[in-house]
Each structure stands twice: as structure tokens, then as C-alpha cells.
Protein chains: 2
Amino acid sequence: MKTSPAIEDIHIVSVGAGNLATQLVTEMHRKGLKIVQVYSRTETSARLLAEKTGAEWCTDITRLSPEADIYLFSVKDSVLPDLIAQMPFRKGLWLHTAGSVPMDIFKSYPDRYGVIYPLQTFSKTGKPEWNRIPFFTEGSDEDILNTVNRLASLFSGTVCPLSSDKRKYIHLSAVFACNFTNLMYTIADRLTDNAGIPFSVLLPLIDETAQKVHRFSPLEAQTGPAVRYDENVMEKHVSLLKANPDWQDIYQLLSQNIYKLQEESINDE
Amino acid sequence: MKTSPAIEDIHIVSVGAGNLATQLVTEMHRKGLKIVQVYSRTETSARLLAEKTGAEWCTDITRLSPEADIYLFSVKDSVLPDLIAQMPFRKGLWLHTAGSVPMDIFKSYPDRYGVIYPLQTFSKTGKPEWNRIPFFTEGSDEDILNTVNRLASLFSGTVCPLSSDKRKYIHLSAVFACNFTNLMYTIADRLTDNAGIPFSVLLPLIDETAQKVHRFSPLEAQTGPAVRYDENVMEKHVSLLKANPDWQDIYQLLSQNIYKLQEESINDE
């Protein structure tokens, strides 16, 4: 990529057509970047994203066009090393979007590489509120970092350069804040269902629980029987879960940890 | 309480002055109900809520006024039986606000009793969005249930009569959807802190995770390494948590459960 080309002169190849690739590349297309090609193992996915963005598509990595400025790798972490090794050329700027994969996975392949990691959970449909999403960036040299930052700034006002070593902690924290939180919703869904009540009655509580940590630290926001170690309530809850020993274990482990963190914070004061 | 008295003729005594009592009783006062007295073991709490609502206050349960229409018990579950036993009279309609306590805790005390349980997490400050909060109600007879429903309708458009047996499942599901979710936020907070990143970068992700279950079932909304059982990522995450064995256990237990629920749902199709 030449120094600061006009947006419409940046040519992108999307390696991947999953939720994140679909959302990122569709938005790049909206912003005026030229999407030249979409690769996916799955023809339907490749074709769908290519049609959305006026690109060509392929399911064979060796048929990628070597003429693009940026090759955006947005695939499962486990697939990435193989895909990189199969790339038929080493030209262009290679970027990946993975929280837990170090930038150096690209080392010894192209000369120019980096990372653009948007911290959000994506669906294929719906339009993300891009401007609220933090983008964590990394580049194999300062010029490249500037290019990645410029690309990220098209999406969001929050662009933070961050090392691979720190990015993996952000990804891990996102597993707790998003994936594990969603499991809590799933279990709650099953339990309301047991009582013949629709899950939707929990939505105001779920929303307020999320809103509360905008105003208080999560430690301060903590409520419930485990904070006050109300053994009477906790024992009743564990016995209600008797049909599901996994959930009994989860209930006990999480309750103990809530109590422990509160105690530690009191002792720290 | 006579049949359908005007709102301003309903006289309330609040037994308790915690987060929920404070919010409920303050709102009742705003709506025109007469708060005559506030009891709390803690003088500061009793006094504060009494001042807000133009009521008297006391810290001695035996000095409660016997003239009120409704005695609203909103205290810790573990304290409730003792307080009820210490009540110096059996007049009026007695209501409690606890998810896990059966209505029959009042049995053999007053003639008229019930439950009004708002499903939300409350802080002492800030104004809840009452109209979005589901209220679960119960009454010792049909007339009383009607009275409780009328009272709940002052707050919310979602008022559902529900038995004690079902209410306890709602309360248990709220522990998962709110208290355990908040623990996930707390752990995420510590992990971003380790990376020198402010917790606020996670807020858009937390908000979207909550918003997503307005559009999809939680099972459908599930993302992350555990869904695809990406052992490589999960092992890295567990090793990043080595300073905290509790969190390693939590990570493994929750990941296994995410994978198991997804597998079960695929096998059910």
C-alpha cells in the first residue's frame, strides 16, 4: 500500500466470511473501500459476502489475487496457521482480527503485517454500533501501525494500539464478560422455562445488570445471596438444581467466589 | 383495608429500609400513598427513608403502629421469620417482597397476607424504570390477590400472579442472570486491569451481549471458543489464569457446560 492512498484506492481481500468478516468487510464496502475478493472454505458464505460487497469469491486459497493492498484474515484461530502457510504469495499488508493470536504468527511470511481486533460479539445480521466499539491495533512497524490505526478510525473513535501480550488478556476478559455471561442467560432461560414463565421477564433485570456497571464497579454492583453468604437461600437454590449436577457445581463455585472477592475487598480497605 | 379505598387513603408501614424497601416505599410516597412508619434495625436507614417519605421511624419492632392498612416486609430472608414472630399485633395486610420465601411464612400470624416481588436489582440511589419491571404477586385469598395486583399496577404494566413454588425458580434464575453475570463482569474487570486497560472498554461488549438476547435465544446467541471447543484457545486461557486457580476452575466448568448445551441442542434438532 502506498503512503496514505485515498480510501477508494485501498483494495481489500477478505480471507474468511464468518460473522466478524461479514460485518467488517460489509462496512468497509459502505465506507468506499474496494473489496476485490472474498475467500471462504464454505461456498455459500463466500458467495453471500461477495455479492454484498461487489467482490469476486473463491473457495481455494491458492487462487487469491496477489494485487490487493490488504489481506484481512478473519477465520477461526485454529485454521489461521494453515491458511497462512498456503498463501500463494507474500505481497501486501496482512492483518488478522483475532484476540488470542499473536501478531508474530505472520512472521517470516509477508514483510508487512499487523492486527485489527474489534472488541465486540458479532452476528451476521444487524448493524453493529461501530463507533462505540474499541479497536485494538498492532503493526510490524510504525508506518504499518499508522495504516492500521487509520483503517480502524474509519469504524470507531476508540482505537488503541496494544501489544499481542496484552491483547490476549482483553480477549480472555471478553470470554468472561460475553461468552460466560451468555451461559448465565442460557441457564436462567431454562429455569424460567421450568416455571412456565417466558425468558422475556428477565430482560429488564439483564439490562439493568449491564447498565449498573456503567455507574459502579462490578465489585460494588454485586448483590444476591452469596454476597451476604445467606446459606439458607443458597442451600435451597442448590437443591432446586438437583436435576442438573453441573449447575449445582456452577452455583456453588460462583457463589463461593463472589463471597471471597467481597471479603478480600473488605480486608483491603 | 376497605374495598378499593382511594390511593391516598392507603396507609403503609415499611418493615425494612434496604435498597428494595427504599425504592418501593419512596415510589409509593410519590404515587400518593401515605407512608406512616418505617422500621429498620439500623437507625440511619430508618431515619433516611422516613425523612424521604414524611413517615415516622423506629428501630424497635414492638413499637409499630397497628393502624396501617399494609405492612410491607422487605428485609433479608434470614431475618424475616424472627421479625414476623416479634410483631406486636396481627392486624392489617402483611406483604413480603422476597423471591425465595413462600407466602405461607405468614400463616398463623395475620388473617390477610401476600407477596409482591419485583424482579429487578435495586440500588438505594437512582430511579428504577418501574414500568419495565415485572411484578410477581400472590395473595392468601382472591380479594387480597386483587389488592396486591392493584398495588403492583401502580408501578408496572407487567403484573403476574405466581405461586410461591414457581416464584422460587424465578428468583434462582435471577441469581444466574444478575448476580452470577455480575461476577463475570468482576473477573473481566480484574483481567483488563492486569493488562493496564480500563474496564470501560468492555462496556459496549457487555451491552451488546445483553441486547443480543432481546433478539435471539441465549442458546442461539452463544459465541466464543467453548462453542466450537477450540482447545488451543481454551488451554491458553486457562494458563493465563494460573495465578487464580478458582478462575481456572470457573473457566473450565463454564466452557464444558457451554459446549455440552450446544451439543444437546444439536442432538435435539
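So, here is what we can say about the structure in this document.

Calculation notes
- Residues numbered from 1 in each chain as written.
- Chains lettered and ligands numbered in written order.
- Predicted model: local features only at pLDDT ≥ 70, side-chain atom pairs only at ≥ 80, totals over all residues.
- Heavy atoms only, no water.
- Phe/Tyr/Trp six-rings, centres within 6.5 Å; stacked < 30°, edge-to-face > 60°.
- Helix = DSSP H or I, 4+ residues; strand = E, 2+ residues; numbered from the N terminus.
- Buried < 20%, exposed > 50% of the residue type's maximum accessible area, 1.4 Å probe, protein only.
- Least-squares fit on C-alpha atoms with pLDDT ≥ 70 in both.
- Contact = heavy atoms within 4.5 Å.
- Buried area = accessible area lost by both parts, 1.4 Å probe.
- Salt bridge = Lys/Arg side-chain N within 4 Å of Asp/Glu carboxyl O.
- Polar contact = N/O pair within 3.5 Å; in protein donor to acceptor, adjacent residues only side chain to side chain.
- Nonpolar A, V, L, I, M, F, W, Y, C, P; charged D, E, K, R; others polar.
- Pairing = 2+ DSSP bridges.
- Axes fitted to C-alpha atoms, helices over the stretch in contact; angles between N-to-C directions.
- Core = buried A, V, L, I, M, F, W, Y, C linked by side-chain atoms within 4.5 Å.
- Expected span 1.5 Å × (residues − 1).
- Bend = angle between axes of the 7 residues up to and from the residue.

Here we look at the packing of aromatic side chains
Phase 1 of the analysis: Using the criterion set out here, one finds 28 aromatic pairs over all chains in the structure.
Phase 2 of the analysis: An angle of 70 degrees between the planes, with centres 5.2 Å apart, marks the rings of F180(A) and Y251(B) as edge-to-face. Linking F180(A) in helix α5 (residues 164-194) with Y251(B) in helix α9 (residues 245-268), this pair reaches from one chain into another. For the pair shown, F180(A) and Y251(B) are each scored as buried.
Phase 3 of the analysis: Ring pairs connect the aromatic residues F73(A), W94(A), F106(A) and Y113(A), which therefore count as one cluster.

Focus: the relation of the copies chain B and chain A
Phase 1 of the analysis: Note on the identical chains: chain B maps onto chain A by a rotation of 180 degrees and an axial translation of 0.0 Å, with an RMSD of 0.0 Å. The relationship between the two copies is best expressed as a two-fold rotation axis. Across chain B, the smallest distance between a C-alpha and the rotation axis is recorded for T181(B), namely 2.5 Å.
Phase 2 of the analysis: Residue by residue, 100% of the interface of chain B is reproduced at the interface of chain A, so both copies engage with the same surface.

So, the interface of chain B and chain A
Phase 1 of the analysis: Residue-level contacts link 87 residues of chain B with 87 residues of chain A.
Phase 2 of the analysis: A buried area of about 8,500 Å², summed over both sides, lies between chain B and chain A, and 68% of it is on carbon and sulfur atoms.
Phase 3 of the analysis: Among the residues chain B hides against chain A, the three largest losses belong to F176(B), L205(B) and L240(B). Together they make up 8% of the total.
Phase 4 of the analysis: K260(B) is the partner of D246(A) in a salt bridge, and the nearest nitrogen-oxygen pair spans 2.6 Å.
Phase 5 of the analysis: At the boundary of chain B and chain A, one finds 30 residue pairs in polar contact (both at pLDDT 80 or more).
Phase 6 of the analysis: Counting only elements with at least two residues in the side of chain B that touches chain A, the list comes to α5 (164-194), α6 (203-215), α7 (218-221), α8 (231-240) and α9 of chain B.
Phase 7 of the analysis: For the side of chain B that touches chain A, the element with the most residues is α5(B), which contributes 27 residues.
Phase 8 of the analysis: In terms of residue class, the side of chain B that touches chain A is made up of 46 nonpolar, 23 polar and 18 charged.

Brief notes about the sheet that holds strand β4 (residues 70-73) of chain A
Residues and elements named next belong to chain A.
Phase 1 of the analysis: Read across the sheet, eight strands follow the order β3-β2-β1-β4-β5-β6-β7-β8 without closing on themselves; strand pairing throughout is mixed. Unpaired on one side and paired on the other, β3 (56-58) and β8 (159-161) mark the two borders of the sheet. Here the strands of the sheet are splayed against their neighbours by 25 degrees on average, with no regard to which way each runs.
Phase 2 of the analysis: Note that β4 and strand β5 (residues 93-96) share four bridges and pair parallel. Directly across from Y71, in β5, lies its bridge partner W94.
Phase 3 of the analysis: The strands that α5 touches are β5, β6 (112-118) and β7 (135-139); relative to β6, the one it contacts most, it runs at about 25 degrees.

Describing the pattern of salt bridges
Phase 1 of the analysis: Applying the stated rule across the entire model yields 20 salt bridges over all chains.
Phase 2 of the analysis: Where E27(A) meets K127(A), a salt bridge forms, and the shortest distance between an N and an O atom there is 3.9 Å. You can see E27(A) sitting in helix α1 (residues 19-30) and its partner K127(A) sitting in the loop between β6 and β7, a full 100 residues away along the chain.
Phase 3 of the analysis: Accessibility expressed as a relative area gives 4% for E27(A), which makes it buried.
Phase 4 of the analysis: The class for K127(A) is exposed, based on a relative accessible area of 54%.
Phase 5 of the analysis: Notably, a salt bridge pairs K168(B) with D165(B), separated by 3.2 Å at the nearest N-O pair. Of this pair, K168(B) and D165(B) both sit in helix α5, three residues apart, which is roughly one turn of that helix.
Phase 6 of the analysis: Each of E27(A), R30(A), K31(A) and K127(A) takes part in one network of salt bridges that share partners.

Section: the nonpolar core
Phase 1 of the analysis: Counting 127 residues, the largest nonpolar core has L64(A), F176(A), L64(B) and F176(B) as the members making the most contacts within it.
Phase 2 of the analysis: Dropping the residues within four chain positions of it, F176(A) is found in contact with T181(A), M184(B), I187(B), A188(B), L191(B), L241(B), W247(B), I250(B) and Y251(B).

Some points on α5(B)
Residue and element names in this part refer to chain B.
Phase 1 of the analysis: In a regular helix each residue adds 1.5 Å, so 31 residues correspond to 45 Å; α5 covers 44 Å between its end C-alpha atoms and thus fits that length.
Phase 2 of the analysis: Maximal helix bending in α5 amounts to about 30 degrees, located at V175.
Phase 3 of the analysis: The buried fraction of α5 amounts to 23 of the 31 residues, a majority that puts the element mostly inside the structure.
Phase 4 of the analysis: Count one or two residues on from α5 and you reach G196, which has phi positive near 70 degrees.

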